[in-house]
Every structure is written in structure tokens, then in C-alpha cells.
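Close look at the chain arrangement
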Amino acid sequence: MQKGILLLIVLLTSLHVYAQPITPHNIVKPSRTSNTAAKGTALDYDPSLKPFYHGVASGDPTTSSVIIWTRVTPDTPTTVSVSGTYQVATDTGFKNVVTSGSFTADTATDYTVNIDVTGLNAGGTYYYRFISGGISSLIGRAKTIPTTNVNNLKFAIVSCANYEGGYFNSYGSIAQRNDLDAVIHLGDYIYEYEKGAYG
């Protein structure tokens, strides 16, 4: 019984709606080609995603708002700040933009961008993107919480993951689905262990 209560608490406090690329060719597929760096081997970034290598995400939905997120990777590590804009629309072609604005990302936030988008309709589906240097990010999808009764909700649940361990194709499969209300992450994304060590 206690485990059931704990799981329910985790579900209620971890509800996030993550970005879902609109077409399968937009799914992030990290290259396994490695570069030799001073501290070891690193994965290459997909150059087609520049400067939004980390993709987009959304979370903390309410009946009238949602937070959208990205990271803008600067061309050089000495760049102090990067500017850009964001758009939120009711369609994937961004013909009906409901809100937009500008942002500045800098070293204080490791070039991450968090926008609290307000004034949205309850139970709505919205599409969003970020633009910097004339380049658009992947398109994300977010939903606000409905105020009316709903008969059912559909979640994707993911848990602990280790980047070295692979099996990240499941995230791509989740991203291709259009019938999910939220993605709930119950575990760690990056473990504290050193390279190649577990437990």
C-alpha cells in the first residue's frame, strides 16, 4: 500500500509534457562517431541541430500556462550571451501564433532558456519553437491541463537511464506518438558513476 501511495505522489509531482518532434526525421539521433578530447572520448553533435543541439522540452503545465525550454550552444566557449526569439502556435506551420517573445541566454544559466508561457487556453495543444541566428529549433508540442472532466489520460513512463548504456531509441518511439498526454520521468538521466562503472 505504501509503495502505491509513493508511486501516486511521484506521478502527481513529476508530470511533465516533453517536446515531441513532429516528423520522424527530426528525431535526435546522436552520432556514435567519437572525437578524442583531453578528457577522453565524446559523442559528436548532429550539425543539423545547431545551435539547438539539446533539443527542446516543456513541462509544469497548468490550465493556462506551460514552461518551454531549450539550450542555445554558442559558436565559441568565450561567447558571453546569445539572443533569440520564441513562438507558440496552435498549428505546426506557425500560421496561428498565439504568443511570441525574445530571450537572452548567457553563461549564468549555461545558455539555457526557460520561458513561462501564459495566457493559454485550458486543455489546448500548442506547438513551439526557438529561433537564434536565423536558425529554428526542432518543433515541440505541449498541452495545458483541461478544466473539464476527462474520461482517460495516456502517459509514457520512463525511468533511470545511463547514456553509455544506450537504448535511447525508446525516447524516439515516444516522440513519434501523437496520442500521449504526458511523459513522466521517474528516475535519473545521468548517473554519478565514472565512465564504464556501475553500482
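Residues numbered from 1 in each chain as written. Predicted model: local features only at pLDDT ≥ 70, side-chain atom pairs only at ≥ 80, totals over all residues. Heavy atoms only, no water.

The next point concerns the overall build of the protein. Helix and strand counts for the protein stand at 2 helices and 13 strands. Across the 199 residues that make up the protein, the buried fraction comes to 33%. When contacts within the protein are restricted to residue pairs at least 6 apart in sequence, long-range pairs at least 24 apart make up 63% of them. On the protein, roughly 12,300 Å² of surface is accessible, and the fraction owed to carbon and sulfur atoms is 54%. (Helix = DSSP H or I, 4+ residues; strand = E, 2+ residues; numbered from the N terminus. Buried < 20%, exposed > 50% of the residue type's maximum accessible area, 1.4 Å probe, protein only. Contact = heavy atoms within 4.5 Å. Areas by Shrake-Rupley, 256 points an atom, 1.4 Å probe, with all protein chains shown as cover.)

Take the nonpolar core next. Soluble, globular proteins show a tendency: their nonpolar side chains are buried together. Counting 19 residues, the largest nonpolar core has Ile 68, Val 88, Val 113, Ile 115, Val 117, Tyr 128 and Phe 130 as the members making the most contacts within it. Of all the secondary-structure elements, those providing two or more residues to this core are strand 5 (66-71), strand 6 (81-89), strand 7 (97-106), strand 8 (112-117) and strand 9 (125-132). Discounting residues that sit within four places of it in the chain, Ile 68 has contacts with Ala 57, Ser 58, Tyr 86, Val 88, Val 113, Asn 114, Ile 115, Val 117, Tyr 128 and Phe 130. Counting 5 residues, the second-largest nonpolar core is a separate cluster that includes Ala 156, Val 158, Ile 174 and Val 183. (Core = buried A, V, L, I, M, F, W, Y, C linked by side-chain atoms within 4.5 Å.)

Strand order in the open sheet formed by 3 strands is 4-5-8, and the pairing between neighbours is antiparallel. Only two strands of the sheet have a single neighbouring strand rather than two, namely strand 4 (56-59) and strand 8. On average, each strand axis in the sheet is tilted by 20° relative to the strand beside it, whichever way the strands run. With 6 bridges joining them, strand 5 and strand 8 adopt antiparallel strand pairing. By the bridge assignment for strand 8, Arg 71 is matched with Thr 112. (Pairing = 2+ DSSP bridges. Axes fitted to C-alpha atoms, helices over the stretch in contact; angles between N-to-C directions.)

Right, let's get into the confidence of the model for the protein. In the predicted model, the protein carries a mean pLDDT of 79, and 74% of its residues have values of at least 70. This stretch, residues 1-42, has a pLDDT under 50; its non-local contacts, to residues over four places away or in other chains, come to 76 contacts. (pLDDT = per-residue confidence, 0-100.)

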